[in-house]
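Notes for the structure review
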Amino acid sequence: MRCPFCGEENTKVIDSRPADDNSSIRRRRQCEECKKRFTTYEKLETIPLVIIKKDMAREPYDRSKLEQGIFRSCTKLPISIKEIGEMVDGIENEIFNFAEKEISSQRIGEIVMKRLKELNPVAYVRFASIYREFKDVNTFMDEIKKILDNQ
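Here's what I pulled together on the structure shown here. Given the structure is predicted, the values throughout are model-derived calculations rather than measurements. (Residues numbered from 1 in each chain as written. Predicted model: local features only at pLDDT ≥ 70, side-chain atom pairs only at ≥ 80, totals over all residues. Heavy atoms only, no water.)

1. Structural notes on the overall build of the protein
Definition in use: Strands are runs of DSSP state E lasting at least two residues, helices are runs of H or I lasting at least four, and both sets are numbered from the N terminus onward. The quantity called the radius of gyration is restricted to C-alpha atoms. Its globule counterpart is 2.2 Å times the number of residues to the power 0.38. Only protein chains enter the calculation, and the probe is 1.4 Å; a residue is then buried if its accessible area is under 20% of its type maximum, exposed if over 50%, and partly exposed in between. Only heavy atoms matter for contacts: two residues are in contact if any of them lie within 4.5 Å across the pair. For every accessible area listed, the method is Shrake-Rupley and the probe measures 1.4 Å; residues are considered covered only by the protein chains on display.
From N to C terminus, the protein includes five helices and six strands. Listing every helix and strand of the protein by position from the N terminus yields β-β-β-β-β-α-α-β-α-α-α. For 151 residues, the compact-globule estimate of 2.2 N^0.38 gives 15 Å, and the protein exceeds it by more than 25% at 19 Å. By principal-axis analysis of the C-alpha atoms, the protein measures approximately 60 × 35 × 25 Å. Looking at the protein as a whole, 31% of its 151 residues are labelled buried. Summarising the internal contacts of the protein: among those between residues at least 6 apart in sequence, 41% fall at separations of at least 24. Within the structure as shown, the protein displays about 10,200 Å² of accessible surface, and the carbon and sulfur contribution to it stands at 51%.

2. Regarding helix α4 (residues 121-131)
We count it as follows: Any pair of N or O atoms that falls within 3.5 Å is considered a polar contact. Within protein, one atom must be able to donate a hydrogen and the other to accept it, and sequence-neighbouring residues count only if both atoms are side-chain atoms.
Taken together, the buried positions of α4 are A123, Y124, V125, F127, A128 and Y131. Between a side-chain oxygen at the N-terminus of α4 and the backbone nitrogen of V122 the separation is 2.9 Å; the capping residue is N120. Taken from the residues just after α4, E133 is the one with a positive phi, measuring 50 degrees.

3. Some thoughts on the pairing of strand β2 (residues 24-31)
So the rule is basically this: In this description, strands pair whenever DSSP reports at least two bridges between them.
As paired elements, strand β1 (residues 11-18) and β2 share seven bridges and run antiparallel to each other. Counted as the bridge partner of R17 is R26 from β2. Adjacent in sequence and paired antiparallel, β1 and β2 are bridged by five residues, among which N22 carries a positive phi angle near 60 degrees. The pairing of β2 with strand β3 (residues 37-43) spans seven bridges and is antiparallel. Paired with Q30 across the bridge in β3 is R37.

4. Details of the nonpolar core
Note the following rule: To define a nonpolar core, start from buried Ala, Val, Leu, Ile, Met, Phe, Trp, Tyr and Cys residues and group those joined through side-chain atoms within 4.5 Å.
L66, I70, V112 and L116 are the most contacted members of the largest nonpolar core, which has 27 residues in total. Broken down by secondary-structure element, the contributors of at least two residues to this core are α1 (63-74), α2 (81-97), α3 (105-119) and α4. The biggest single contributor to this core is α4, with six residues. The residues touching L116, leaving out its near neighbours within four places in the chain, are I70, S73, C74, M87, P121, A123, Y124 and F127.

5. A word on the sheet that holds strand β6 (residues 102-104)
Strand pairing in a sheet relies on backbone hydrogen bonds. The paired strands run either parallel or antiparallel. Definition in use: To define axes, lines are fitted to C-alpha atoms, for helices over the stretch in contact only, and angles between the resulting N-to-C directions are given on a 0 to 180 degree scale.
Pairing within the open sheet is mixed, and its three strands lie in the order β5-β4-β6. Each having just a single partner strand, β5 (58-60) and β6 make up the two edges of the open sheet. Each strand of the sheet is rotated relative to its neighbour by a mean of 35 degrees, with strand direction disregarded. Of the pairings in the sheet, the one linking strand β4 (residues 50-52) to β5 comprises three bridges and is antiparallel in character. Residue pairing for β5: I52 is matched across the bridge by R58. Contacts from α3 reach β4 and β6 within the one sheet, and its direction differs from that of β6 by about 65 degrees.

Honestly, that's just the spatial picture; any functional story needs more than this.
Right under this line is the structure:
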């Protein structure tokens, strides 16, 4: 494992424990060169998952895309990075538990919206407005009315 600070390859593990979600191992490492510490996570490699996009194109699953979409929706809201990470972990566990080799981006989007709706209605509407491609203000207002009716 390379040190993210100086690039040195010689690092040592100083602590290992299960991560909060129990699906990975959290390791504290220290660089032998610059002595700085950093954390890595080790996960079991799963079946390669392919995402079927709206245009039926297929691409490999990319966790960072999921993280970025959720993060953008939560910007300037009182939602911690930890909460976002836990949400991504939960969504990832859910989609990998389907034990399918291919899953539609629509199905993932619906899972994300369900979880964002539970976490924060503003983050939910932000994500939904892009995911569902709201065409005008009326569509946007309809979605907000649905949220208000369910509270």
